[in-house]
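Structure assessment
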Amino acid sequence: MHKRIKQMLRLGMSSIIAVSLLAGQTGMAAAQAVNTIHFTGYFDKQLRAQMAVTADSFPVVNVRLVKQDEPDMVYYDVGTSILISKDEVLTNYHVVQEFAELKDGDEGTLTVASPGHLERPIKAKVIKTDPVTDMALLKLDKDMDAEPVTFASARDNQIVYTIGFPKNPAGDLVLLDEEFPSTYNTIAKSRVYSSQASDVPGKKGIGSIVKAMAQGNSGGPVLDQNNRVIGMMTFVYGGKTYYITSKTLQSFIKETTSPAKKQIAVAGKVTS
C-alpha cells in the first residue's frame, strides 16, 4: 500500500472526462478475465476463476473535484466500496473526504461503478459519515446490477481474501490488459491476525490481518472463504493491515443519523 496520490489535470484538455471507463482487450462477459487480475498468494485455477467473478460484486468509487482556490485543476481519486443494497455502498471516509467537505461553490462529482460494468458509472451522494471509524455510506442514483453482500464475523487465524482496484495516472478506471502490467486489479490471500484488535490507540471495532495489501484497497472488503464480508480495510499500522469489523459496519448502516465525531489520526491509512 502506499500514500494516496492525487492526479491533477488541467481543464480544457481533451483527455479530461468526469469518469472515463475503458474496456480492456480481453473482453468482459460475466466476470473479469482472470489474466487481468494480479493474485497475491497461492490460487489454483478454479479459485482464480471464482474470485474473478467475486471481484465484480465490489464497486469502485471515482471522485472528481474542482476547488474554488484551484479552478484550473481537476482532482481525481479512486477507491473500492462494498455493495450493501441495490442502491447503497459503504466505503472509507477518507476516500470521499474531500468531496464530502467541499466548500459552497466548489464542484464535485462522485460516481460508483461495478468492475463488471465500468462503462456504466452511477452517480452517488454521501448520506452518512463517521470520520472516527473511517466509514461513509453512499446512496446511488439507481440500482446496481450486482448482488449485495452478506456479513459474517471474523475469527483468529482464518484465511481471508482482499480485493482492490487501482487507478491509472489519469484517474480513470480501466479494465486492465497486457498494456497495463504494473496496475492490475489485485486479489490477495492472507490470514486474520486478530479478529478484535486493541493495539491501536483511540480505535475500537477493528481487527487486523497479516499485511498483504495492494493499492486501491481503500474501502475494500475482507472476505471469508464463503465470500462473506468480515470487514472493510481502513489503515496500516505496526506492520499489519486493519479492517473495520462487520459488527461495526452493520451498526453504522442501521444508525439513522451521521455520528457527530471528530477524526482520530492514525498513521498508515490504506489509501486509494
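To be clear, the structure that these remarks concern was listed above.
We now turn to the structure provided with this report. (Residues numbered from 1 in each chain as written. Predicted model: local features only at pLDDT ≥ 70, side-chain atom pairs only at ≥ 80, totals over all residues. Heavy atoms only, no water.)

1. Regarding the overall build of the protein
- When helices and strands are tallied, the protein shows three helices and 17 strands.
- Sorting the 272 residues of the protein into buried and exposed places 55% on the buried side.
- Long-range contacts, defined here as pairs at least 24 residues apart, represent 73% of the contacts in the protein between residues at least 6 apart.
- Summing over all exposed atoms, the protein offers an accessible surface of approximately 12,300 Å²; the carbon and sulfur share of this is 50%. (Helix = DSSP H or I, 4+ residues; strand = E, 2+ residues; numbered from the N terminus. Buried < 20%, exposed > 50% of the residue type's maximum accessible area, 1.4 Å probe, protein only. Contact = heavy atoms within 4.5 Å. Areas by Shrake-Rupley, 256 points an atom, 1.4 Å probe, with all protein chains shown as cover.)

2. Examining helix α3 (residues 246-254)
- Within α3 the residues assigned to the buried category are Ser 246, Thr 248, Leu 249 and Phe 252. Axial view of α3: buried residues confined to an arc of 160°, hence all on one face. Summarising the geometry of α3, the exposed residues directed more than 90 degrees from the buried face are Lys 247 and Lys 254. (Arc of directions from axis to C-beta.)

3. A closer look at the nonpolar core
- In this structure, Met 51, Phe 58 and Ile 187 are the most contacted members of the largest nonpolar core, which totals 26 residues.
- When residues of this core are traced back to their parent elements, those giving at least two are β3 (37-40), α1 (45-55), β6 (82-85), β10 (135-140), β11 (159-164), β16 (229-237) and α3.
- Top contributing element to this core by residue count: α1, with four residues.
- For Ile 187, the contacting residues outside a window of four places in its chain are Ile 37, His 38, Phe 39, Thr 40, Phe 43, Met 51, Ala 55, Thr 162 and Ile 163. (Core = buried A, V, L, I, M, F, W, Y, C linked by side-chain atoms within 4.5 Å.)

4. Thoughts on the side chain of Asp 224
- In this structure, Asp 224 sits in the loop between β15 (221-223) and β16.
- In terms of polar contacts, Asp 224 uses its side chain to reach the backbone amide nitrogen of Asn 226, at 2.9 Å.
- In contact with Asp 224, not counting residues within four places along its chain, are Ala 152, Gln 158, Ile 159, Tyr 161 and Ile 230. (Polar contact = N/O pair within 3.5 Å; in protein donor to acceptor, adjacent residues only side chain to side chain.)

Fair warning: the whole summary comes from geometry, so function is off the table for now.
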